[in-house]
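Chain residues, written in single-letter form:
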Number of protein chains: 2
Amino acid sequence: MSDQTIPIPATAQIKLDGAALVANWHALDRMSGTAKAGAAVKANGYGLGAREVVGHLLAAGCEDFFVANWQEAREIEGLTVGKASVSVLNGVREADMRFAVQSPAKPVLNTIEQVARWRNSGRKCDLMINSGMNRLGINVGDLGSDLLAGLKIDIAMSHLASADEDGPQNSDQLARYKAALANVPCSRTSLANSAGIALGSDYHFDLTRPGLSLYGGIQRQELAERIQPVAMLQAEILQIRMLESGDRLGYNAQYIAQRSHPVGILGMGYADGYLRGFSNRGIFLYKGMKLPVLGRVSMDLIAIDLSQAADRREGDWVDCDFDLRAASAQSGLSQYELITGLGQRLFRNWA
Amino acid sequence: MSDQTIPIPATAQIKLDGAALVANWHALDRMSGTAKAGAAVKANGYGLGAREVVGHLLAAGCEDFFVANWQEAREIEGLTVGKASVSVLNGVREADMRFAVQSPAKPVLNTIEQVARWRNSGRKCDLMINSGMNRLGINVGDLGSDLLAGLKIDIAMSHLASADEDGPQNSDQLARYKAALANVPCSRTSLANSAGIALGSDYHFDLTRPGLSLYGGIQRQELAERIQPVAMLQAEILQIRMLESGDRLGYNAQYIAQRSHPVGILGMGYADGYLRGFSNRGIFLYKGMKLPVLGRVSMDLIAIDLSQAADRREGDWVDCDFDLRAASAQSGLSQYELITGLGQRLFRNWA
């Protein structure tokens, strides 16, 4: 057996900027006006690492976190207990009850059945009102004192379906949510996600729930000047070779050299979340020069053009252009999918 | 603090069929003729769980495993040590050497620098010959007794770039590989991946290296009747609601009901690897009926049409049509990306 204590450095990593994450939260908190900003940290902190994200945002002053399920609540509990409120957006199933009733986290009750399930727990909860997205949440017509009697509702929230667009659905949802609140006794109100914050003070209520923009995502132009990138991909050059004119590269020869030039083979691939959509379209960077991805992205490997980085050697590292808007345009994937899809093999290097 | 020992069942899972995995390996081993089949288990066993995969295949008689890096070799070492050979395809970097020289796994030497690095270790290695894919591997012109002196080469391998197609690149690579072997002292030879096995006995050599097809992937028609699905996705219905005609569903209202019908909201989303390409295109299944995905897939949630499954209740589970060829056609993602992209939040339920 080998010595398990010997470190094996990863061949690719996510370089994470904790200061940028904190600056983004402060920017979104300021944009939220008199409302306080919370933070959506579901899906393992949008793939970046929930515990690191929560640690940074707690220190910045964030006091409300949103996760998808009870496993995610448990994952951050050691950090949040006694310091912040944690809401479980996907609600409470019968199978969750044994854990949920003794957890410091709260369920967001989404259904009439969940309300009945939680009513006698004697513990706080949140409530999701369906204002027109028709995903999770209780229909406005079902709300009323009979249904909600006995509940200790902290946040009565709803969720915007199209906050990244300027159509009428936003104001429709706003009106329906406001009307519904008249029938819902609660401590706090909350409607806006990241893009919703940019819709203005009518949408802010007591608490906002930014997600993607905390992590550098920009879905509305209003956010572009205020949000910084948080995650940068970097990969090691495992091999450098010289292609000659006519040489085929990678799976299905999706790149054929038209001249002699060097290529670098990087230790990252679609199994790390850098999907095939980046084939012949992704960009790596070195000293301001662009190093295009050549051919098809492999499972564990990517080929890039080193013509503009002839001094690079095997074992050197290069940056990936992972600005989420640029990478989304390159790959055809949404900013959300790009960030939450980053694989477990990538070392998360927080600075 | 909550009780950490209380189980919290996942809201979605991968149901894994170990018998099908083993049957696929036996089928590929038989198709390999006089060659023996190994198994590519890189990227955490193509996302399904390397340790479970290796456990099943060891019991079936597989004796050669292929991983991408030394972390992956270490992950399975407790299972493979003394029982099977493990090859590290991405080679050996300087940063790997301290671990590598005391690991029972072998590096696949890809570069002249790696050969120099390993030469004095006194330990076995494999060798990757670049027969025309121009990804990893030593160029044929660089091979020779000077370069290889002192190496203890087990497998001298190459890799096919286009084995899933019938173009001339396969025979070109075959000819170049065969010619190169004349200059390479080795114990065993290996060229074919899953699709390469279907190219016939000329491509089999001593050892084949199936990957995707072990896990149910089919890239060539010859494999379709011999390969069984291994991974099925299943998700729990968190909420059922009735849509009325005109109701908008999910992000950006990408589905608008044209009639009254029930929908189910499932506890799975693109953060689990079921990407937005399945929006309005994916299919779930219940008792032989198709339950189409409606609207845009969310990070943690998917909406499906329950018109054909009116007896389903909150807390019930539904299967996903995750036949890799069908799911690839639905989503626009390759079979490879679909399987390796399955997220860590999904419970891996081996049967």
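Just so you know, these numbers come straight off a predicted model, no measurement behind them. (Residues numbered from 1 in each chain as written. Chains lettered and ligands numbered in written order. Predicted model: local features only at pLDDT ≥ 70, side-chain atom pairs only at ≥ 80, totals over all residues.)

## Thoughts on the overall build of chain A
Of the regular secondary structure elements, chain A holds twelve helices and 20 strands. Each principal axis of the C-alpha atoms in chain A carries an extent, and together these give about 75 × 55 × 35 Å. A total of 351 residues make up chain A; the buried ones form 58% of that total. Within chain A, counting contacts between residues at least 6 apart in sequence, those at least 24 apart form 63% of the total. (Helix = DSSP H or I, 4+ residues; strand = E, 2+ residues; numbered from the N terminus. Buried ≥ 20, exposed ≤ 12 C-beta atoms within 10 Å, placed from the backbone. Contact = placed C-beta atoms within 7 Å.)

## Thoughts on the relation of the copies chain A and chain B
Overlaying chain A with chain B gives an RMSD of 0.0 Å, the required rotation being 180° about an axis along which the chain moves by 0.0 Å. The superposition operator between the copies reduces to a two-fold rotation axis. No C-alpha of chain A approaches the rotation axis more nearly than that of A:Gly341, which lies at 3.7 Å. In this assembly, 100% of the residues forming the interface of chain A have copies in chain B that are likewise at the interface, indicating an isologous arrangement. (Least-squares fit on C-alpha atoms with pLDDT ≥ 70 in both.)

## Structural notes on the interface of chain A and chain B
In this complex, chain A contributes 69 residues to the contact, which on the side of chain B involves 69 residues. Only α2 (42–46), α4 (70–80), α5 (97–100), β12 (231–243), β13 (248–249) and α12 (335–340) of chain A provide two or more residues apiece to the side of chain A that touches chain B.

## Focus on helix α4 (residues 70–80) of chain B
Those residues of α4(B) that fall on the buried side of the exposure criterion are B:Trp70, B:Glu72, B:Ala73, B:Arg74, B:Ile76 and B:Thr80. Downstream of α4(B) by one or two residues, B:Gly82 has phi in the positive range, about 80°.

## Comments concerning the domain arrangement of chain A
Residues and elements named next belong to chain A. Along its sequence, chain A is organised into domain 1 (18–224) and domain 2 (231–350). Computed from C-alpha atoms alone, the centre-to-centre distance between domain 1 and domain 2 is 37 Å. Contact residues are listed per partner, giving twelve residues for domain 1 and eleven residues for domain 2. Tallied by class, the residues present in the side of domain 1 that touches domain 2 amount to six nonpolar, five polar and one charged. (Domains from an automatic or database assignment. Nonpolar A, V, L, I, M, F, W, Y, C, P; charged D, E, K, R; others polar.)

## So, the packing of helix α3 (residues 50–60) of chain B against α4(B)
All names here are of chain B. Running from N to C, α3 and α4 cross one another at 40°; their axes reach a closest spacing of 10 Å. The angle between α3 and α4 places the two elements in the oblique class. Crossing angle aside, the handedness with which α3 passes α4 is right-handed. On α4, the residues that touch Ala50, Arg51, Val54, Gly55 and Leu58 of α3 are Glu72, Glu75, Ile76, Leu79 and Thr80. In the contact of α3 with α4, the residues fall into five nonpolar, two polar and three charged. (Axes fitted to C-alpha atoms, helices over the stretch in contact; angles between N-to-C directions. Parallel < 35°, antiparallel > 145°, perpendicular 65-115°, else oblique. Left-handed = near helix turned anticlockwise from the far one by under 90°.)

## With respect to the nonpolar core
Within the largest apolar cluster, 239 residues are counted, with the highest numbers of intra-cluster contacts made by A:Ile304 and B:Ile304. Beyond its immediate chain neighbours, meaning those up to four positions away, B:Ile304 contacts B:Val263, B:Gly264, B:Leu266, B:Phe284, B:Leu291, B:Pro292, B:Val293, B:Leu294 and B:Val318. (Core = buried A, V, L, I, M, F, W, Y, C linked by C-beta atoms within 7 Å.)

## Focus: helix α8 (residues 169–181) of chain A
Over its 13 residues, α8(A) extends 18 Å from the first C-alpha to the last, a length consistent with the 18 Å expected when each residue adds 1.5 Å. Considering only its buried residues, α8(A) is in contact with β7 (124–130) of chain A. (Expected span 1.5 Å × (residues − 1).)

## Description of the packing of helix α1 (residues 18–31) of chain A against helix α3 (residues 50–60) of chain A
Residue and element names in this part refer to chain A. Viewed as axis vectors pointing N to C, α1 and α3 meet at an angle of 50°, and their least axial separation amounts to 10 Å. In terms of orientation, α1 and α3 fall into the oblique class. Considering the relative orientation of α1 and α3, their crossing is right-handed. Every residue of α3 that contacts α1 at Gly18, Leu21, Val22, Trp25 and His26 is listed here: Val53, His56, Leu57 and Ala60.

## Things to note about the environment of B:Ser162
As for its position among the elements, B:Ser162 is in the loop between β9 (152–157) and α8 (169–181). For B:Ser162, a count of 22 C-beta atoms within 10 Å puts it in the buried group. Through-space distance from the C-alpha of B:Ser162 to that of B:Gln173 is 9.6 Å; in sequence the pair is eleven residues apart. Not counting residues up to four positions away in its chain, the partners in contact with B:Ser162 are A:Asn252, A:Ala253, B:Gly167, B:Gln169 and B:Asn170.

## A look at the confidence of the model for chain A
Here chain A shows a mean pLDDT of 97. Residues at 70 or above account for 100%. Predicted complex metrics record ipTM = 0.97 and pTM = 0.97. (pLDDT = per-residue confidence, 0-100.)

## Digging into the environment of A:Leu191
All names here are of chain A. Among the secondary structure elements, Leu191 is positioned in the loop between β10 (188–190) and α9 (194–197). Leu191 gets classed as buried once you count the C-beta atoms within 10 Å, which come to 30. Beyond its immediate chain neighbours, meaning those up to four positions away, Leu191 contacts Met157, Ser158, Leu160, Tyr177, Gly196, Tyr203 and Phe205.

## Topic: the pairing of strand β17 (residues 289–292) of chain B
All names here are of chain B. Strand direction decides the pairing type here: strand β16 (residues 283–286) and β17, joined by four bridges, are antiparallel. What sits directly across from Tyr286, in β17, is Met289. Between the antiparallel neighbours β16 and β17 lie two residues, among them Lys287 with a positive phi of about 50°. (Pairing = 2+ DSSP bridges.)

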